[in-house]
Structure formats: structure tokens, C-alpha cells
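Coordinates in review
Okay, here's what each chain looks like letter by letter:
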Amino acid sequence: MKKLNVAIVGQGRSGRDIHGKYFKSEDNKYFNVVAVVDELEHRRVRAKEEYGCDVYADISELYGRDDIDLVVNSTFSHLHAKVAIDLLNHGFNVVSEKPFAKTYEDGCAMIDAAKKNGVMLNIFQQSRFAPYYTKIKEIIASGKLGDIKQISINFSKFARRWDWQTLQNFSGGEVRNTGPHPLDQALDLMNFPSDINVFSKLDRATTFGNAEDYAKIILTAAGAPLVDIEITACNCYVPAMYMIQGSKGSLKGNVSHIDIKYYNPENEPVREVLAASMEDENRFPAYCTETLTFTEEAFDLEGDAFNVGTALYYKMIYDYLTEGKEMEIKPEEQLLLQLKVIDLIHAQNPLRP
């Protein structure tokens, strides 16, 4: 099997501890790291030791190399579009970290650059391949829960932050930092509707920065379930990551475990609607109630977005670059919609600097 050569731009938490960790793992059978770019000298020294690769202080030092099949753009969030466009214009295939871009217009410029230069652009939305999420999609597709009415996604916790991802001018805040994961999953479950409606509320709670760390987002569209997303830093009592309500049952779950409970309407009596007052067998007033027979199932899951999800994401990239297979993550068809939603959320909630 031919391995592809990779360059990583940035050796922060994402570039080193997510992408780099995968490339150095036994799960990686497809890529060799041949170059690392980071402006910090100590990170370049460490990268040379860890990967045994060439190291550079600036992406311009990659230009002219014809042995690099893919560049991973794991720079600061506010630099994603600029760095990606520079790389695309120099003929490199690019995987860019989330958020895709700061604005919809920046995302369009990235896609245009990829098209113009005949190269690949994709965004690292590896949570689409997380075991818990693929299991949830499987359960929904089975029909056991019936017609899905509401999906609640909760990525909350109680924590204080003071790093660059809390700053507006660095494209920080929970919507652009954590938000791309639940937003990508939500839009996927809604089948990426063109008529999406957004209600949102942003605020600051425990952060030391000036970007939001409280986000409530409600998405609706014709023919799709309502999706309620909560990303907060002020919840000490964290509920299930996923709660799904359907006409036959419901689901609750997190990264490692999922429970479902549902009934079969065909095994229960058909009820006729009564317009009169309800009474029991003794003619006393009665409440409308019955005992349904439920089936309960539980699923224990192994792996998460940062191991299984990352490995499957990069297998998708490898298959595209070597065989031209269709990619499940589609920037133009899917991620531009995410940027539209994010732009609207921030337009609805202008935060003071």
C-alpha cells in the first residue's frame, strides 16, 4: 500500500495532540509526516525528534516541494482561511481544522481556491465518524424510535478558560470552537436543509475572554426534527450528550453508552378519541392513561472522535486522494451551510468586545 506524504502546519494541541498523534499511531497505515511548520523554535526541535521530518518556520518554505500529497492546516482559528488559500494556490491538497472559516464569504473563497487550482479541500469534522454518532444514525434509520420529533445535543460542562480560544479577534468562542461538532451532526441529521431557521442566545458566563462560553441554538426546517443544541461552560449537572424523542420511543446517550426505549404500536390497542368526560369502571373521573409494553436496549461503545473518528476520517481522505472515492464530508454542499448558521448566530447575538 502506497503511503502519502503529509506536512503539518502548527504543532499546538490540534496539530500535535490530535493529527500528529494519529499519524504516529498504529492506526495510521496511510501517511508519512515529511514536514512540520511552526513559528516556535522549540516546537520545531521537538517535531524533528518526534517525526524525523523536515521542519520550517513558515509555510512559504513548503512552496516548491513536489513530494507532499497533503497539508494539514492546524493554525489559529482566525488564520484557517488565509493559510488554506495560500496552500491551495500553491497546489497543495489541504485538510483544515475546524472552524471551516470565520465567515461564509471566507469559506466560499477557500472552496473557490481549491476549484481554481484543481486540488482537494476538506475540513476536519471527525466527529461525524465517532462511534456514538454512527450508532445514533443507525438507530434512527432502523425506525425503532419512529418519526423523530426532537434531537437535543448537549456539549456542556462547568469550566473557566483564558486561552486564545476565548478571544473574538482569534475567532474564539464556543460556537466556533466546540460548535462545529454538534452543528455538523445536527445539520447531517436534518439532511442539510436549505430552508433552515435559527434561534440562538449567546452570553458570557465563566470565561476570562470576550467571546461567548454560553450558547443555546435551536434549528428547525420543514420536514426535519427540531434540534436543540446547548454548549455552555456553566452547567455543573451535565445531562446526556444526546436525547432524542420519537413517536415510538426515545434515546439517551453519550460517548461510551446509549440507551433506547420504544414500543410497537401494532402490539397495542387502537384507541378512539373520546370527547366526553373519562370515567373508570366505577364511574369515577379518570385520567387518560395506559400501560404500554416497552422494549429497552443498551449499547456500550468503544472509541471516540479522537481515535476511531480520526482514523476513519483520514481513511476517507486517503481513499479520495488515491482512488477518487466520494468523501462523506462535503465542504461546498455541507459546511458552507454550517458557516451560514454560525454567521446568523453571531448576527443575532452581537457581543461587546
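Everything that follows concerns the structure shown earlier in this document.
Right, let's walk through the structure included here. Only a predicted model underlies this, so the values are computations on that prediction, with no experimental measurement involved. (Residues numbered from 1 in each chain as written. Predicted model: local features only at pLDDT ≥ 70, side-chain atom pairs only at ≥ 80, totals over all residues. Heavy atoms only, no water.)

1. Things to note about the layout of surface pockets
Estimates place the volume of the second largest pocket at around 300 Å³. The wall of the second largest pocket is formed by 14 residues, among which Leu121, Met327, Lys330, Pro331 and Glu332 lie closest to the centre. At the level of secondary structure, the elements contributing two or more residues to the lining of the second largest pocket comprise helix H4 (104-117) and helix H9 (331-348). Residues that form the lining of the second largest pocket fall into these classes: nine nonpolar, no polar and five charged. (1 Å grid on protein atoms, 1.4 Å probe; cavity = no way out; pocket = protein on both sides within 12 Å on 5 of 7 lines; lining within 4 Å. Points joined across faces, edges and corners; volume = space filled by probe spheres on them. Helix = DSSP H or I, 4+ residues; strand = E, 2+ residues; numbered from the N terminus. Nonpolar A, V, L, I, M, F, W, Y, C, P; charged D, E, K, R; others polar.)

2. A short note on the sheet that holds strand E1 (residues 4-9)
Strand order in this open sheet of six strands is E3-E2-E1-E4-E5-E6, and the pairing throughout is parallel. Unpaired on one side and paired on the other, strand E3 (54-56) and strand E6 (121-123) mark the two borders of the sheet. Taking the axes of each pair of neighbouring strands and ignoring which way they run, one obtains an average angle of 25° across the sheet. Relative to E3, strand E2 (residues 31-37) is paired through three bridges, and the arrangement is parallel. In the sheet register, Ala35 faces E3, and the bridge partner there is Asp54. (Pairing = 2+ DSSP bridges. Axes fitted to C-alpha atoms, helices over the stretch in contact; angles between N-to-C directions.)

3. Observations regarding the packing of helix H5 (residues 131-142) against helix H7 (residues 180-189)
The interhelical angle for the contact between H5 and H7, taken along N-to-C directions, is 20°, at an axis separation of 12 Å. For the element pair H5 / H7, the angle class is roughly parallel. Pair H5 / H7 crosses with right-handed handedness. For the pair H5 and H7, the contacting residues are Tyr132, Tyr133, Lys137 and Ile140 in the first and Gln185, Asp188 and Leu189 in the second. Classifying every residue of the contact of H5 with H7 gives four nonpolar, one polar and two charged. (Parallel < 35°, antiparallel > 145°, perpendicular 65-115°, else oblique. Left-handed = near helix turned anticlockwise from the far one by under 90°. Contact = heavy atoms within 4.5 Å.)

4. A closer look at the pattern of salt bridges
Following the criterion strictly, the structure yields 22 salt bridges and no others. For the salt bridge of Lys149 with Asp147, the shortest nitrogen-to-oxygen distance reads 2.7 Å. Linking Glu279 and Arg283 is a salt bridge whose minimum nitrogen-to-oxygen distance equals 2.6 Å. Looking at Glu279, the relative accessible area reads 40%, which means it is partly exposed. By relative accessible area, Arg283 is classed as exposed at 61%. Taken together, the salt bridges that share partners define one network made up of Arg16, Asp17, Lys24 and Glu50. (Salt bridge = Lys/Arg side-chain N within 4 Å of Asp/Glu carboxyl O. Buried < 20%, exposed > 50% of the residue type's maximum accessible area, 1.4 Å probe, protein only.)

5. Some words on empty space enclosed by the protein
Sizing a probe to match a water molecule and rolling it over the atoms shows the empty space that remains. Scanning the model with the defined rule gives one cavity of 30 Å³ or more in all. Taken as a whole, the largest cavity encloses approximately 110 Å³ of empty space.

6. Description of the environment of Val198
Mapping Val198 onto the fold places it in strand E8 (residues 197-203). C-alpha separation for the pair Val198 and Leu219, spaced 21 residues apart in sequence, amounts to 4.9 Å.

7. Some thoughts on the sheet that holds E8
Judged by pairing direction, the sheet is mixed, and its eight strands sit side by side in the order E8-E9-E10-E7-E11-E12-E13-E14 without closing on themselves. Edge positions in the open sheet fall to E8 and strand E14 (294-300), since each of these has one partner strand only. The sheet shows a mean angle of 10° between the axes of neighbouring strands, direction not considered. Pairing between strand E13 (residues 257-263) and E14: seven bridges, direction antiparallel. Each bridged residue has a counterpart across the sheet, and for Tyr262 the counterpart in E14 is Thr295.

8. Overview of the pairing of E1
Here E1 lies mainly inside the structure; six of its six residues are buried. In E1, alternate side chains face the same way, and those of Leu4, Val6 and Ile8 on one face and Asn5, Ala7 and Val9 on the other are all buried. In terms of strand pairing, E1 meets E2 through six bridges, oriented parallel. Paired with Leu4 across the strands is Phe31, a residue of E2. What joins E1 to E2 is helix H1 (residues 13-23), and the crossover it makes is right-handed. The pairing of E1 with strand E4 (residues 70-73) spans four bridges and is parallel. Each residue of the ladder has a partner; that of Ala7, found in E4, is Val71. (Right-handed = clockwise from strand over helix to strand, strands pointing away.)

9. With respect to the side chain of Ser96
With respect to the helices and strands, Ser96 occurs in strand E5 (residues 94-96). We classify Ser96 as buried; its relative accessible area is 0%. Among all residues touching Ser96, those that are not within four sequence positions of it are Asn73, His80, Met110, Asn122, Ile123 and Phe124.

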